[in-house]
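Below are the chains, spelled out letter by letter.
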Amino acid sequence: MSFRKDSGIVGPQPVDFIPNAPQRVVDGREEDIPVVIAASEDRLGGAIAAINSIQHNTRSNVIFYIVTLNGTADHLRSWLSSGNLKSIRYKIVNFDTKLLEGKVKEDPDQGESIKPLTFARFYLPILVPRAKKAIYMDDDVIVQGDILALYNTPLKPGHAAAFSEDCDSTSAKVVIRGAGNQYNYIGYLDYKKERIRKLSMKASTCSFNPGVFVANLTEWRRQNITSQLEKWMKLNVEEGLYSRTLAGSITTPPLLIVFYQQHSTIDPMWNVRHLGSSAGKRYSPQFVKAAKLLHWNGHFKPWGRTASYTDVWEKWYIPDPTGKFSLIRRHVEISHTK
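What you see is a predicted model; the values in this text were computed from it and never measured. (Residues numbered from 1 in each chain as written. Predicted model: local features only at pLDDT ≥ 70, side-chain atom pairs only at ≥ 80, totals over all residues. Heavy atoms only, no water.)

Break down the sheet that holds strand E3 (residues 89-94) for me, citing the residues and quoting the values.
Read across the open sheet, the seven strands follow the order E3-E2-E1-E4-E7-E6-E8; overall the sheet is mixed. Here the strands that pair on one side only, and so sit at the sheet edges, are E3 and strand E8 (264-265). Together, strand E1 (33-38), strand E2 (62-68) and strand E4 (133-137) form the strand contacts of helix H1 (residues 44-56), whose direction differs from that of E2 by roughly 170 degrees. Running at roughly 170 degrees to E3, helix H2 (residues 73-80) makes contact with E2 and E3 of the sheet. (Pairing = 2+ DSSP bridges. Helix = DSSP H or I, 4+ residues; strand = E, 2+ residues; numbered from the N terminus. Contact = heavy atoms within 4.5 Å. Axes fitted to C-alpha atoms, helices over the stretch in contact; angles between N-to-C directions.)

See the structure below:
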(Lines give C-alpha, C1' and ligand atoms only; values in the text may rest on other atoms or scores of the structure.)
Protein backbone atom coordinates (compact mmCIF):
# COMPACT_ATOMS: atom_id res chain seq x y z
CA MET A 1 0.00 0.00 0.00
CA SER A 2 1.68 3.23 -1.05
CA PHE A 3 0.67 6.74 -1.87
CA ARG A 4 0.68 8.11 -5.38
CA LYS A 5 3.34 10.69 -5.98
CA ASP A 6 0.99 12.81 -8.06
CA SER A 7 -1.40 13.60 -5.22
CA GLY A 8 0.26 16.97 -4.68
CA ILE A 9 0.41 16.51 -0.95
CA VAL A 10 2.37 13.40 -0.11
CA GLY A 11 5.99 12.97 -1.04
CA PRO A 12 7.49 9.67 -2.19
CA GLN A 13 7.90 8.18 1.24
CA PRO A 14 7.90 4.60 2.45
CA VAL A 15 4.86 3.04 4.03
CA ASP A 16 5.21 3.23 7.79
CA PHE A 17 3.50 0.03 8.85
CA ILE A 18 5.27 -1.45 11.85
CA PRO A 19 6.99 -4.69 10.82
CA ASN A 20 6.03 -6.68 13.93
CA ALA A 21 2.31 -5.99 13.33
CA PRO A 22 1.44 -8.11 10.30
CA GLN A 23 -1.72 -7.05 8.52
CA ARG A 24 -4.54 -9.38 9.37
CA VAL A 25 -6.17 -11.06 6.42
CA VAL A 26 -9.23 -9.11 5.43
CA ASP A 27 -11.94 -11.71 4.97
CA GLY A 28 -14.49 -9.42 3.41
CA ARG A 29 -16.22 -8.71 6.70
CA GLU A 30 -13.51 -6.91 8.57
CA GLU A 31 -12.30 -3.81 6.76
CA ASP A 32 -9.57 -1.35 7.61
CA ILE A 33 -10.72 1.70 9.53
CA PRO A 34 -8.72 4.78 8.46
CA VAL A 35 -8.35 7.31 11.28
CA VAL A 36 -6.82 10.65 10.28
CA ILE A 37 -5.20 12.73 13.01
CA ALA A 38 -2.97 15.80 12.67
CA ALA A 39 0.17 15.87 14.80
CA SER A 40 2.00 19.16 15.22
CA GLU A 41 5.35 19.26 17.02
CA ASP A 42 4.11 21.36 19.95
CA ARG A 43 1.11 19.06 20.56
CA LEU A 44 2.60 15.69 19.72
CA GLY A 45 1.82 14.19 23.13
CA GLY A 46 -1.87 14.80 22.44
CA ALA A 47 -1.84 12.79 19.22
CA ILE A 48 0.08 9.97 20.96
CA ALA A 49 -2.47 9.71 23.79
CA ALA A 50 -5.40 9.81 21.33
CA ILE A 51 -3.86 7.04 19.19
CA ASN A 52 -3.11 4.89 22.23
CA SER A 53 -6.68 5.21 23.54
CA ILE A 54 -8.20 4.27 20.16
CA GLN A 55 -5.94 1.25 19.69
CA HIS A 56 -6.52 -0.05 23.22
CA ASN A 57 -10.31 0.06 23.00
CA THR A 58 -10.91 -1.74 19.69
CA ARG A 59 -10.20 -5.07 18.06
CA SER A 60 -10.76 -3.64 14.60
CA ASN A 61 -8.08 -3.10 11.95
CA VAL A 62 -7.32 0.58 12.48
CA ILE A 63 -4.79 2.34 10.27
CA PHE A 64 -3.71 5.73 11.58
CA TYR A 65 -2.93 8.37 8.99
CA ILE A 66 -0.85 10.79 11.03
CA VAL A 67 -0.60 14.12 9.21
CA THR A 68 2.39 16.23 10.09
CA LEU A 69 4.90 18.77 8.80
CA ASN A 70 8.37 17.82 7.54
CA GLY A 71 10.36 18.42 10.70
CA THR A 72 8.14 16.29 12.96
CA ALA A 73 8.21 12.90 11.22
CA ASP A 74 11.41 11.54 12.81
CA HIS A 75 10.38 12.59 16.31
CA LEU A 76 6.98 10.98 15.78
CA ARG A 77 8.50 7.72 14.48
CA SER A 78 10.78 7.35 17.48
CA TRP A 79 7.84 7.89 19.86
CA LEU A 80 5.63 5.41 18.01
CA SER A 81 8.30 2.72 18.18
CA SER A 82 8.26 2.78 22.00
CA GLY A 83 6.40 0.46 24.36
CA ASN A 84 2.65 0.17 24.01
CA LEU A 85 2.52 1.68 20.55
CA LYS A 86 4.62 -0.94 18.79
CA SER A 87 1.61 -2.89 17.53
CA ILE A 88 -0.20 -0.02 15.79
CA ARG A 89 -0.42 0.28 12.01
CA TYR A 90 0.23 3.77 10.79
CA LYS A 91 1.34 5.98 7.96
CA ILE A 92 3.01 9.35 8.42
CA VAL A 93 1.72 11.80 5.82
CA ASN A 94 3.54 15.03 5.10
CA PHE A 95 1.14 17.95 4.67
CA ASP A 96 2.09 20.32 1.87
CA THR A 97 1.51 23.87 3.16
CA LYS A 98 1.59 25.20 -0.42
CA LEU A 99 -2.00 24.00 -0.66
CA LEU A 100 -3.01 26.89 1.59
CA GLU A 101 -1.34 29.70 -0.38
CA GLY A 102 -3.84 32.45 -1.11
CA LYS A 103 -6.50 30.69 0.96
CA VAL A 104 -5.64 31.86 4.49
CA LYS A 105 -4.30 35.05 5.98
CA GLU A 106 -3.03 36.00 9.41
CA ASP A 107 -5.67 37.82 11.43
CA PRO A 108 -4.19 40.04 14.16
CA ASP A 109 -7.65 40.35 15.75
CA GLN A 110 -7.76 36.61 16.38
CA GLY A 111 -4.38 36.83 18.10
CA GLU A 112 -3.32 33.49 16.72
CA SER A 113 -1.06 32.57 13.85
CA ILE A 114 -2.36 30.23 11.16
CA LYS A 115 -1.65 26.61 12.00
CA PRO A 116 -1.51 24.77 8.66
CA LEU A 117 -2.36 21.35 10.06
CA THR A 118 -5.79 22.51 11.23
CA PHE A 119 -6.74 22.50 7.53
CA ALA A 120 -5.70 18.87 6.96
CA ARG A 121 -9.33 17.82 7.45
CA PHE A 122 -10.27 19.67 4.23
CA TYR A 123 -8.04 17.34 2.18
CA LEU A 124 -9.11 13.88 3.35
CA PRO A 125 -9.45 12.25 -0.10
CA ILE A 126 -5.85 13.20 -0.88
CA LEU A 127 -4.55 12.09 2.53
CA VAL A 128 -6.35 8.73 2.37
CA PRO A 129 -6.47 8.16 -1.40
CA ARG A 130 -8.00 4.69 -1.60
CA ALA A 131 -10.47 4.73 1.26
CA LYS A 132 -14.21 4.96 0.76
CA LYS A 133 -14.75 6.22 4.29
CA ALA A 134 -12.60 7.70 7.08
CA ILE A 135 -12.74 9.18 10.56
CA TYR A 136 -11.09 12.53 11.25
CA MET A 137 -10.30 13.63 14.80
CA ASP A 138 -8.38 16.36 16.56
CA ASP A 139 -5.36 15.60 18.72
CA ASP A 140 -7.00 16.79 21.98
CA VAL A 141 -9.30 13.78 22.35
CA ILE A 142 -9.38 10.50 24.23
CA VAL A 143 -11.48 7.63 22.88
CA GLN A 144 -13.10 5.43 25.51
CA GLY A 145 -15.44 3.46 23.21
CA ASP A 146 -14.79 1.11 20.30
CA ILE A 147 -13.93 3.24 17.25
CA LEU A 148 -15.81 0.72 15.10
CA ALA A 149 -19.11 2.10 16.46
CA LEU A 150 -18.18 5.63 15.32
CA TYR A 151 -17.01 4.31 11.94
CA ASN A 152 -20.39 2.61 11.50
CA THR A 153 -22.31 5.89 11.96
CA PRO A 154 -25.04 5.82 9.28
CA LEU A 155 -24.72 8.61 6.72
CA LYS A 156 -27.79 9.60 4.74
CA PRO A 157 -27.64 9.28 0.93
CA GLY A 158 -25.89 12.30 -0.57
CA HIS A 159 -24.17 13.25 2.70
CA ALA A 160 -20.37 13.40 2.63
CA ALA A 161 -19.92 13.74 6.41
CA ALA A 162 -21.49 13.28 9.84
CA PHE A 163 -20.74 15.78 12.63
CA SER A 164 -21.85 16.30 16.21
CA GLU A 165 -24.51 19.03 16.36
CA ASP A 166 -23.88 21.82 18.84
CA CYS A 167 -27.46 22.57 19.92
CA ASP A 168 -28.59 19.08 20.81
CA SER A 169 -25.28 17.65 21.96
CA THR A 170 -24.73 16.73 25.58
CA SER A 171 -21.93 19.31 25.61
CA ALA A 172 -24.34 22.12 24.74
CA LYS A 173 -25.87 21.98 28.19
CA VAL A 174 -22.69 23.70 29.32
CA VAL A 175 -22.83 27.40 28.51
CA ILE A 176 -19.57 28.93 27.34
CA ARG A 177 -19.33 32.63 28.11
CA GLY A 178 -17.21 35.17 26.28
CA ALA A 179 -16.59 33.05 23.21
CA GLY A 180 -19.14 34.44 20.81
CA ASN A 181 -22.23 32.39 20.16
CA GLN A 182 -20.89 28.84 20.24
CA TYR A 183 -23.96 27.12 18.87
CA ASN A 184 -25.28 29.08 15.88
CA TYR A 185 -24.11 30.06 12.43
CA ILE A 186 -24.07 33.74 13.41
CA GLY A 187 -21.24 32.92 15.84
CA TYR A 188 -19.05 31.97 12.88
CA LEU A 189 -20.21 33.99 9.87
CA ASP A 190 -20.63 37.72 9.27
CA TYR A 191 -24.26 38.18 8.31
CA LYS A 192 -23.62 41.84 7.44
CA LYS A 193 -21.80 40.62 4.33
CA GLU A 194 -23.97 40.37 1.24
CA ARG A 195 -22.33 37.16 0.08
CA ILE A 196 -23.32 35.44 3.31
CA ARG A 197 -26.86 36.83 3.25
CA LYS A 198 -27.32 35.62 -0.34
CA LEU A 199 -26.79 32.04 0.81
CA SER A 200 -30.11 32.26 2.70
CA MET A 201 -28.76 30.25 5.63
CA LYS A 202 -30.66 30.99 8.83
CA ALA A 203 -28.40 32.76 11.33
CA SER A 204 -29.96 30.73 14.14
CA THR A 205 -29.07 27.41 12.48
CA CYS A 206 -27.33 25.07 14.88
CA SER A 207 -23.59 24.84 14.17
CA PHE A 208 -21.57 21.63 14.47
CA ASN A 209 -18.15 20.72 15.77
CA PRO A 210 -15.54 19.75 13.12
CA GLY A 211 -13.08 18.24 15.61
CA VAL A 212 -14.48 14.74 15.17
CA PHE A 213 -16.34 13.54 12.09
CA VAL A 214 -17.00 10.57 9.84
CA ALA A 215 -16.55 11.17 6.11
CA ASN A 216 -17.98 9.29 3.15
CA LEU A 217 -15.03 9.90 0.83
CA THR A 218 -16.77 8.56 -2.26
CA GLU A 219 -19.44 11.23 -1.82
CA TRP A 220 -16.80 13.83 -0.84
CA ARG A 221 -14.98 13.26 -4.13
CA ARG A 222 -18.20 13.20 -6.15
CA GLN A 223 -19.26 16.59 -4.77
CA ASN A 224 -15.73 18.08 -4.89
CA ILE A 225 -16.07 19.09 -1.24
CA THR A 226 -12.39 20.07 -1.02
CA SER A 227 -12.77 22.54 -3.92
CA GLN A 228 -15.92 23.97 -2.35
CA LEU A 229 -14.12 24.51 0.97
CA GLU A 230 -11.17 26.16 -0.81
CA LYS A 231 -13.55 28.50 -2.63
CA TRP A 232 -14.90 29.84 0.68
CA MET A 233 -11.40 30.11 2.16
CA LYS A 234 -10.34 32.31 -0.78
CA LEU A 235 -13.51 34.41 -0.60
CA ASN A 236 -12.88 35.02 3.09
CA VAL A 237 -9.34 36.24 2.34
CA GLU A 238 -10.82 38.67 -0.21
CA GLU A 239 -13.98 39.75 1.59
CA GLY A 240 -13.70 38.86 5.30
CA LEU A 241 -16.74 36.61 5.65
CA TYR A 242 -16.12 35.14 9.08
CA SER A 243 -17.64 36.58 12.25
CA ARG A 244 -15.45 39.15 14.01
CA THR A 245 -16.13 37.42 17.33
CA LEU A 246 -15.39 34.04 15.80
CA ALA A 247 -16.39 31.23 18.11
CA GLY A 248 -13.83 28.48 17.84
CA SER A 249 -11.60 27.62 14.92
CA ILE A 250 -11.19 29.35 11.55
CA THR A 251 -11.64 25.95 9.92
CA THR A 252 -15.28 25.88 11.02
CA PRO A 253 -16.92 28.59 8.82
CA PRO A 254 -16.19 27.01 5.40
CA LEU A 255 -17.46 23.66 6.68
CA LEU A 256 -20.65 25.26 8.00
CA ILE A 257 -21.33 26.79 4.58
CA VAL A 258 -20.55 23.71 2.50
CA PHE A 259 -22.39 21.29 4.78
CA TYR A 260 -25.41 23.52 5.49
CA GLN A 261 -28.38 21.13 5.82
CA GLN A 262 -26.23 18.55 4.04
CA HIS A 263 -24.69 16.44 6.81
CA SER A 264 -25.62 13.54 9.04
CA THR A 265 -25.08 13.45 12.80
CA ILE A 266 -22.89 11.36 15.06
CA ASP A 267 -23.98 10.18 18.49
CA PRO A 268 -23.34 13.11 20.91
CA MET A 269 -21.49 10.77 23.29
CA TRP A 270 -18.87 10.42 20.54
CA ASN A 271 -17.84 14.08 20.95
CA VAL A 272 -18.25 15.21 24.55
CA ARG A 273 -16.68 18.64 24.40
CA HIS A 274 -15.41 21.67 26.30
CA LEU A 275 -13.18 19.74 28.70
CA GLY A 276 -10.55 22.31 27.75
CA SER A 277 -12.64 25.24 29.02
CA SER A 278 -13.67 26.12 32.55
CA ALA A 279 -17.09 24.73 31.68
CA GLY A 280 -15.71 21.19 31.39
CA LYS A 281 -15.39 21.00 35.17
CA ARG A 282 -19.18 20.89 35.41
CA TYR A 283 -19.41 17.35 34.07
CA SER A 284 -19.95 14.63 36.64
CA PRO A 285 -17.30 11.90 36.91
CA GLN A 286 -20.01 9.36 35.96
CA PHE A 287 -20.79 11.27 32.76
CA VAL A 288 -17.11 11.55 31.84
CA LYS A 289 -16.70 7.82 32.39
CA ALA A 290 -19.71 7.05 30.16
CA ALA A 291 -18.52 9.27 27.28
CA LYS A 292 -17.30 7.41 24.20
CA LEU A 293 -15.00 10.27 23.23
CA LEU A 294 -13.74 13.16 25.39
CA HIS A 295 -12.67 16.36 23.65
CA TRP A 296 -10.53 19.00 25.40
CA ASN A 297 -11.41 21.82 23.00
CA GLY A 298 -10.78 25.18 24.63
CA HIS A 299 -7.69 26.88 26.02
CA PHE A 300 -6.75 24.30 28.65
CA LYS A 301 -5.18 21.29 26.99
CA PRO A 302 -4.67 18.21 29.17
CA TRP A 303 -0.91 18.24 28.49
CA GLY A 304 -0.63 21.93 29.41
CA ARG A 305 -1.93 23.92 32.32
CA THR A 306 -4.28 21.99 34.53
CA ALA A 307 -7.43 21.19 32.61
CA SER A 308 -10.43 19.16 33.75
CA TYR A 309 -9.93 15.42 34.10
CA THR A 310 -6.23 15.37 33.32
CA ASP A 311 -6.06 12.06 35.21
CA VAL A 312 -8.35 10.48 32.57
CA TRP A 313 -6.10 11.80 29.80
CA GLU A 314 -2.82 10.79 31.48
CA LYS A 315 -3.97 7.18 31.66
CA TRP A 316 -3.35 7.04 27.88
CA TYR A 317 -0.32 9.29 27.63
CA ILE A 318 3.03 7.63 26.90
CA PRO A 319 6.08 9.71 27.88
CA ASP A 320 8.31 10.88 25.05
CA PRO A 321 11.41 8.66 24.87
CA THR A 322 13.37 11.53 23.30
CA GLY A 323 12.48 13.86 26.18
CA LYS A 324 11.55 16.73 23.81
CA PHE A 325 7.89 16.79 24.86
CA SER A 326 6.95 17.06 28.50
CA LEU A 327 3.75 17.76 30.40
CA ILE A 328 3.35 21.21 31.91
CA ARG A 329 1.78 20.95 35.32
CA ARG A 330 1.12 23.26 38.24
CA HIS A 331 2.72 22.18 41.49
CA VAL A 332 -0.67 21.76 43.12
CA GLU A 333 -3.50 20.32 41.08
CA ILE A 334 -6.52 21.97 42.65
CA SER A 335 -8.93 19.72 40.78
CA HIS A 336 -7.62 16.71 42.68
CA THR A 337 -8.15 18.13 46.15
CA LYS A 338 -11.45 17.09 47.60
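Let us keep going from here.
Talk me through the pattern of salt bridges; I want residue IDs and the actual numbers.
Under the defined criterion, the tally for this structure stands at 11 salt bridges. Here Arg 121 and Asp 138 are joined by a salt bridge, their closest N and O atoms 3.4 Å apart. You can see Arg 121 sitting in the loop between E3 and helix H3 (124-127) and its partner Asp 138 sitting in the loop between E4 and strand E5 (141-143), a full 17 residues away along the chain. (Salt bridge = Lys/Arg side-chain N within 4 Å of Asp/Glu carboxyl O.)

Can you tell me about the nonpolar core, naming the residues and giving the values?
Val 35, Phe 64, Ile 66, Ile 135, Met 137, Ile 147 and Leu 150 are the most contacted members of the largest nonpolar core, which has 53 residues in total. Looking at which element gives the most residues to this core, the answer is H1, with seven residues. Apart from the residues within four sequence positions on either side, Ile 135 is in contact with Ile 33, Pro 34, Val 35, Val 36, Ile 147, Leu 150, Tyr 151, Phe 213 and Val 214. With 50 residues, the next largest nonpolar core counts Val 36, Ala 131, Tyr 185 and Leu 189 among its residues. (Core = buried A, V, L, I, M, F, W, Y, C linked by side-chain atoms within 4.5 Å. Buried < 20%, exposed > 50% of the residue type's maximum accessible area, 1.4 Å probe, protein only.)

Can you break down the packing of H1 against H2 residue by residue, with the values?
Viewed as axis vectors pointing N to C, H1 and H2 meet at an angle of 40 degrees, and their least axial separation amounts to 11 Å. Here H1 and H2 pass one another in a crossing that is right-handed. Here Leu 44, Gly 45 and Ile 48 of H1 lie close against H2, whose contacting residues are His 75, Leu 76, Trp 79 and Leu 80. Partitioned by chemical class, the residues of the contact of H1 with H2 number five nonpolar, two polar and no charged. (Left-handed = near helix turned anticlockwise from the far one by under 90°. Nonpolar A, V, L, I, M, F, W, Y, C, P; charged D, E, K, R; others polar.)

Describe unusual backbone geometry, naming the residues involved and giving the relevant values.
Outside of glycine, negative phi angles account for most residues, and trans bonds account for most peptide bonds. The phi dihedral of Ser 200 is positive, around 55 degrees, even though this residue is not glycine. Tracing the chain through its elements places Ser 200 in the loop between helix H5 (194-197) and strand E7 (208-216). Under the relative-accessibility criterion, Ser 200 is labelled exposed at 60%. Backbone geometry at Gln 261 places phi at a positive 55 degrees, although glycine is not the residue there. Locating Gln 261 in the fold gives a position in the loop between helix H8 (252-258) and E8.

An account of helix H7 (residues 225-239) is requested, with residue identities and associated values reported.
The terminal C-alpha atoms of H7, which comprises 15 residues, lie 21 Å apart, in line with the 21 Å expected from a rise of 1.5 Å per residue. All of the buried residues in H7 are Ile 225, Thr 226, Leu 229, Glu 230, Trp 232, Met 233, Leu 235 and Asn 236. Residues of H7 that are buried make contact with H3, H5, helix H6 (217-222) and H8. (Expected span 1.5 Å × (residues − 1).)

Just give me the short version of the confidence of the model for the chain, but keep the residues and values in it.
In this model, the chain carries an average pLDDT of 85, and 82% of its residues clear a pLDDT of 70 or more. This stretch, residues 1-15, has a pLDDT under 50; its non-local contacts, to residues over four places away or in other chains, come to 34 contacts. Confidence over residues 331-338 falls short of pLDDT 50; this stretch has five contacts with residues more than four positions distant or in other chains. (pLDDT = per-residue confidence, 0-100.)

Quick one: what's the story with the environment of Thr 226, residue by residue and with numbers?
Take Thr 226: it is sitting in helix H7. Between the alpha carbons of Thr 226 and Phe 122 there is a distance of 5.7 Å; along the sequence they are 104 residues apart. Apart from residues no more than four positions distant in its own chain, Thr 226 is found in contact with Phe 122, Tyr 123, Pro 125 and Trp 220. Among the polar contacts made by the side chain of Thr 226, one reaches the main-chain carbonyl oxygen of Phe 122 at a distance of 2.7 Å. (Polar contact = N/O pair within 3.5 Å; in protein donor to acceptor, adjacent residues only side chain to side chain.)

So what about H1? Which residues, and what values?
The end-to-end C-alpha distance of H1, which contains 13 residues, comes to 19 Å, matching closely the 18 Å that a straight helix rising 1.5 Å per residue would cover. The buried fraction of H1 is high, at 11 of 13 residues. Residues of H1 that are buried: Leu 44, Gly 45, Gly 46, Ala 47, Ile 48, Ala 49, Ala 50, Ile 51, Asn 52, Ser 53 and Ile 54.

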